[in-house]
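Each chain, written out:
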Amino acid sequence: FLNNDVYIIKYAVGGTSLYSDWRSPSSSTNNTQTGKLYTNLINYIDESIDLLKKQDLVPSIKAICFMQGESDSTSIGSSVYEELEDNFIKDIKNHIETTQNEIVQFIDAGISDCPNWSQYYKIINQAKKNNVLKDSTNRYYFDTVDAKLEYRYEPTSNPDINHYDSLSMIELGKLFSKTLFENAII
């Protein structure tokens, strides 16, 4: 059904924030440095592309699928999330687009309504929606609350409400894939 192979470069670290860990160069100031995870992500992407090229493949990054924001659900993190994420999107897209001469799409998933995120999850998700409006041709968003992804039931003896249940994680992957296909990204 696809004409070419699809490879996924996954880089994930839980319990981290855009405010500090993923802070991109455009959000760095005299008082705040580029986040270590942002730097590690860029290096990992470049190394992964080089590895594919060494296998005589011609890789092309089509999209970034982003699921982050829970650790920024505080009064400080949520108040600057929109700006930090917009800078993150611009910086990472610029890095990839500069190296491959091709437009990269950005697919953003909203965070859950878990009580640990209090009222701030709405602020984070609105910031994500606002960032899509800044470039609706190359940015996409889907709402995990509207998709009814669950976090309340696993493990059954002591649910980990900070993370989606296993079937919801599978559904999250399907929502990313659906967005890729519906928008002819791959």
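See above for the structure.
Residues numbered from 1 in each chain as written. Predicted model: local features only at pLDDT ≥ 70, side-chain atom pairs only at ≥ 80, totals over all residues. Heavy atoms only, no water.

Chemist: Now, about the packing of aromatic side chains: what can you tell me, with residues and values included?
Modeler: Following the criterion strictly, the structure yields 6 aromatic pairs and no others. Plain terms: the ring middles of Y11 and W22 are 5.9 Å apart, the flat faces sit at 85° to each other, and that makes the pair edge-to-face. Of this pair, Y11 sits in the segment before α1 (36-54) while W22 sits in the segment before α1, placing them 11 residues apart in sequence. On the basis of relative accessibility, which here comes to 6%, the residue W22 falls in the buried class. Three or more aromatic residues joined by ring pairs make a cluster, and in this case those are Y38, F66, F88 and F106. Lying over the aromatic face of Y19, R23 brings its terminal NZ or CZ to 5.1 Å of the ring centre. (Phe/Tyr/Trp six-rings, centres within 6.5 Å; stacked < 30°, edge-to-face > 60°. Helix = DSSP H or I, 4+ residues; strand = E, 2+ residues; numbered from the N terminus. Buried < 20%, exposed > 50% of the residue type's maximum accessible area, 1.4 Å probe, protein only. Lys NZ or Arg CZ within 6 Å of the ring centre and 35° of its normal.)

Chemist: So what's going on with the sheet that holds strand β2 (residues 105-109)? Residues and values would help.
Modeler: Strand order in the open sheet formed by 3 strands is β1-β2-β3, with parallel pairing between adjacent strands. Of all strands in the sheet, those with a lone pairing partner are β1 (63-66) and β3 (139-142), marking the two edges. Averaged over neighbouring strand pairs, the angle between their axes works out to 15° when direction is ignored. When β1 meets β2, the two strands line up parallel, connected through 4 bridges. Considered in β2, the bridge of F66 is made with D108. (Pairing = 2+ DSSP bridges. Axes fitted to C-alpha atoms, helices over the stretch in contact; angles between N-to-C directions.)

Chemist: Can you tell me about the packing of α1 against helix α2 (residues 75-100), naming the residues and giving the values?
Modeler: Closest axis-to-axis distance for the α1/α2 pair is 11 Å, and the angle between their directions is 25°. One element, α1, and the other, α2, form an angle in the roughly parallel class. Between α1 and α2 lies a crossing whose hand is right-handed. Counting all contacts with α1, which are made through Y38, L41, I42, I45 and D46, the residues of α2 involved are F88, D91, I92, H95 and I96. Taken together, the residues of the contact of α1 with α2 break down into 7 nonpolar, 1 polar and 2 charged. (Parallel < 35°, antiparallel > 145°, perpendicular 65-115°, else oblique. Left-handed = near helix turned anticlockwise from the far one by under 90°. Contact = heavy atoms within 4.5 Å. Nonpolar A, V, L, I, M, F, W, Y, C, P; charged D, E, K, R; others polar.)

Chemist: Summarise the side chain of N131; cite the residues concerned and give the values.
Modeler: Along the chain, N131 falls in helix α3 (residues 120-133). In terms of polar contacts, N131 uses its side chain to reach the backbone carbonyl oxygen of E82, at 3.1 Å. Leaving out residues up to four positions away in the same chain, N131 has contacts with E82, E85, D86, I89 and R139. (Polar contact = N/O pair within 3.5 Å; in protein donor to acceptor, adjacent residues only side chain to side chain.)

Chemist: Go over the environment of I64 with me, naming the residues and quoting the values.
Modeler: Within the fold, I64 resides in strand β1. Here the alpha-carbon distance between I64 and R139, two residues 75 residues apart in the chain, equals 9.6 Å. Sequence-distant contacts of I64, defined by excluding residues within four places in its chain, comprise I92, K93, I96, V104, Q105, F106 and I107.

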